[in-house]
Amino acid sequence: MNRIYYTKPSITELEVSYATDAARNGWGEDCYEYINRFEEAFKSHLGVKYAIATSSCTGALHMGMAALGIGPGDEVIMADTNWIATAAPVVHLGAKPVFVDILPDSWCIDPVLAEAAITPRTKAIVAAHLYGNLCDMDRLLAIGSKYGIPVIEDAAEAIGSVYHGKRAGSMGVFGSFSFHGTKTLTTGEGGMFVTNDANLYETVLTLSNHGRTRSQTKQFWPDMVGFKYKMSNIQAAIGCAQMERIDELVNRKRDIFLCYRENLEIHSDVSINPEPKGTVNGVWMPTVVFDKQAGVTREKLQAAFSAENIDARVFFPPLSSLPMFVDEPQNRLAWSIPERAINLPSYHDLTDGDILRVIDVVKTQVDRKSV
Ligand SMILES: *Cc1c(COP(=O)(O)O)cnc(C)c1O
């Protein structure tokens, strides 16, 4: 029985030929060529005015948050369910991540709780579109404008997701993307900062270039202390090829998701990534959550999948449960869902037979309960 990995990039001759070209020719005057092309392609895909390719999503978030002036004593509200990459830049800036609970269906930040967590020190709210599931952007943006607090979109997991005609990452004060090897579009490591705000763009552009403003004519003359989170031209070359294949990459994710959904929806005690009316879910990670009464545990799920030689990934543990933060067990869903949920494999080259093997394992878990 072949091993089924939970994710694996899809690299074709196109990516190889662009990367080869960048390695052979993309130096000297041409050292930014693929970077510029990648940024242009990304901007037009997303429908935003500005984009800056970065070495990671974490770097994009760090610079964007710094440009918003987030610093010591400030608070940034975010969902307790997330990868630490969203919280780390807040900590690095001397501010405090404030973790609130998630919604039961989207597993994304609960807007009511986000609003309730606002204090005079709140500097931003982060909307992270978990596993491709969209946050309730209408409510979050309304809260943001009511209190004058910017809403940041961490769209690292949400390429391909569309909210009432707008792409994930294009609605907040800025958006961030990740091209880590596990993500739908990959450059090995990499990220993107996007915004429609000209001033924010200029600030992040300066920060991203070690604090050198575009208008500075003196060499080696930074105007402020900045960051070094640049993407290389070789990585961008792979990104350009992936952008040409973006519809194919996202559609394959969606096909796999739809196949899982079709086969699992008959079981009322399992839920899968939602796709509310007027939205498209890019489904970076098809995920199943079992009802409490199903009696399933994370450990049982992992054992069942590993017995079938399938890599299934655990649902993010709550950030507040990690050793560097303070436990917030009142975030009940963020604390309970990971104990009865699992990410299902979804890489591009997964075969129909592989998908059926995964479905069979999930089914044995639900059927066992009714015995
Ligand atoms: C993957 C991921 C990140 C981090 O991306 P890097 O490119 O590894 O920095 C940030 N936020 C979320 C929600 C992610 O899934």
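What you see is a predicted model; the values in this text were computed from it and never measured. (Residues numbered from 1 in each chain as written. Predicted model: local features only at pLDDT ≥ 70, side-chain atom pairs only at ≥ 80, totals over all residues. Heavy atoms only, no water.)

Visitor: Sorry, what's going on with the packing of helix α2 (residues 33-46) against helix α8 (residues 233-244) here?
Guide: Each pair of packed helices can be summarised by the angle the axes make with each other and by the distance between the axes. Relative orientation of the contacting elements α2 and α8 amounts to 35 degrees, with a least axis distance of 8 Å. You can see that α2 and α8 cross each other, and the crossing is left-handed. Between α2, through E33, Y34, I35, R37, F38, A41, F42 and H45, and α8, the contact on the second element is made entirely by N233, A236, A237, G239, C240, M243 and E244. (Axes fitted to C-alpha atoms, helices over the stretch in contact; angles between N-to-C directions. Helix = DSSP H or I, 4+ residues; strand = E, 2+ residues; numbered from the N terminus. Left-handed = near helix turned anticlockwise from the far one by under 90°. Contact = heavy atoms within 4.5 Å.)

Visitor: In this structure, what is going on with the sheet that holds strand β11 (residues 279-280)? I would like to understand it.
Guide: Within a sheet, adjacent strands bond to each other through the backbone by hydrogen bonds, running parallel or antiparallel. Taking strand neighbours across the sheet as the criterion, the 3 strands line up as β7-β6-β11 in an open arrangement whose pairing is antiparallel. The strands lining the two open edges of the sheet, one partner per strand, are β7 (166-167) and β11. As paired strands, strand β6 (residues 162-163) and β7 are joined by 2 bridges and run antiparallel to one another. Considered in β7, the bridge of Y163 is made with K166. (Pairing = 2+ DSSP bridges.)

Visitor: I'm lost on the side chain of D154 in this one. Help?
Guide: Here D154 lies in strand β5 (residues 151-154). Reaching out from D154, the side chain makes a polar contact with the side chain of S176 at a distance of 3.2 Å. When residues no more than four places from it in sequence are discounted, the contact partners of D154 are C57, L61, T86, V126, A127, A128, H129 and S176. (Polar contact = N/O pair within 3.5 Å; in protein donor to acceptor, adjacent residues only side chain to side chain.)

Visitor: So what exactly am I meant to see when it comes to helix α3 (residues 57-67) here?
Guide: Because the α-helix completes a turn every 3.6 residues, residues three or four places apart line up on one side. For α3, a buried count of 8 out of 11 residues is recorded, marking the element as mostly surrounded by other parts of the structure. Along α3, the residues that are buried comprise C57, G59, A60, L61, H62, M63, G64 and M65. Capping of α3 at its N-terminal end is provided by S56; its side-chain oxygen lies 3.4 Å from the backbone amide nitrogen of T58. Count one or two residues on from α3 and you reach G69, which has phi positive near 85 degrees. (Buried < 20%, exposed > 50% of the residue type's maximum accessible area, 1.4 Å probe, protein only.)

Visitor: Would you mind going over helix α10 (residues 298-307) with me for this structure?
Guide: Of all the residues in α10, the buried ones are L301, A304 and F305. Down the axis, α10 shows its buried residues gathered within 95 degrees of arc, on one side only. Note on α10: the residue one or two positions beyond its end, N309, has a positive phi of about 60 degrees. (Arc of directions from axis to C-beta.)

Visitor: It is not clear to me how the site of the ligand should be interpreted in this structure. Could you clarify?
Guide: By nearness alone, 13 residues border the ligand, and T58, D154, E157, S178 and K183 come closest of all. In this structure, an oxygen atom belonging to the ligand sits 2.9 Å away from a main-chain N or O atom of C57. Between D154 and the ligand, the recorded distance is 2.7 Å, taken from a side-chain N or O atom to a nitrogen atom. Against a free-state accessible area of 390 Å², the protein chains account for coverage of 92% of the ligand. (Near = heavy atom within 4 Å. Areas by Shrake-Rupley, 256 points an atom, 1.4 Å probe, with all protein chains shown as cover.)

Visitor: Would you mind going over the sheet that holds strand β13 (residues 313-314) with me for this structure?
Guide: An order of β10-β12-β14-β13 is seen for the 4 strands of this open sheet, with the pairing classed as antiparallel. Sheet topology places β10 (270-272) and β13 at the edges, where each strand pairs with a single neighbour. Relative to strand β12 (residues 287-290), β10 is paired through 3 bridges, and the arrangement is antiparallel. The residue bridging V270 from the neighbouring strand is F290, located in β12. Lying over the sheet, α10 contacts β12, β13 and β14 (341-343), oriented at roughly 40 degrees with respect to β14.

Visitor: Would you mind going over the nonpolar core with me for this structure?
Guide: Side chains that are nonpolar tend, in soluble globular proteins, to be buried together. Grouped together as the largest cluster of nonpolar side chains are 59 residues, with contacts concentrated most on F38, F42, I77, I109, F177 and M192. With residues up to four places along the chain from it excluded, the contact list for I109 reads I77, M78, A79, V100, D101, I102, L103, A114, I125, V126, C135 and L140. (Core = buried A, V, L, I, M, F, W, Y, C linked by side-chain atoms within 4.5 Å.)

Visitor: It is not clear to me how the side chain of R313 should be interpreted in this structure. Could you clarify?
Guide: Mapped onto the secondary structure, R313 falls in strand β13. With sequence-adjacent residues up to four places away left out, R313 is seen in contact with Y6, Y131, W284, M285, I342 and N343.

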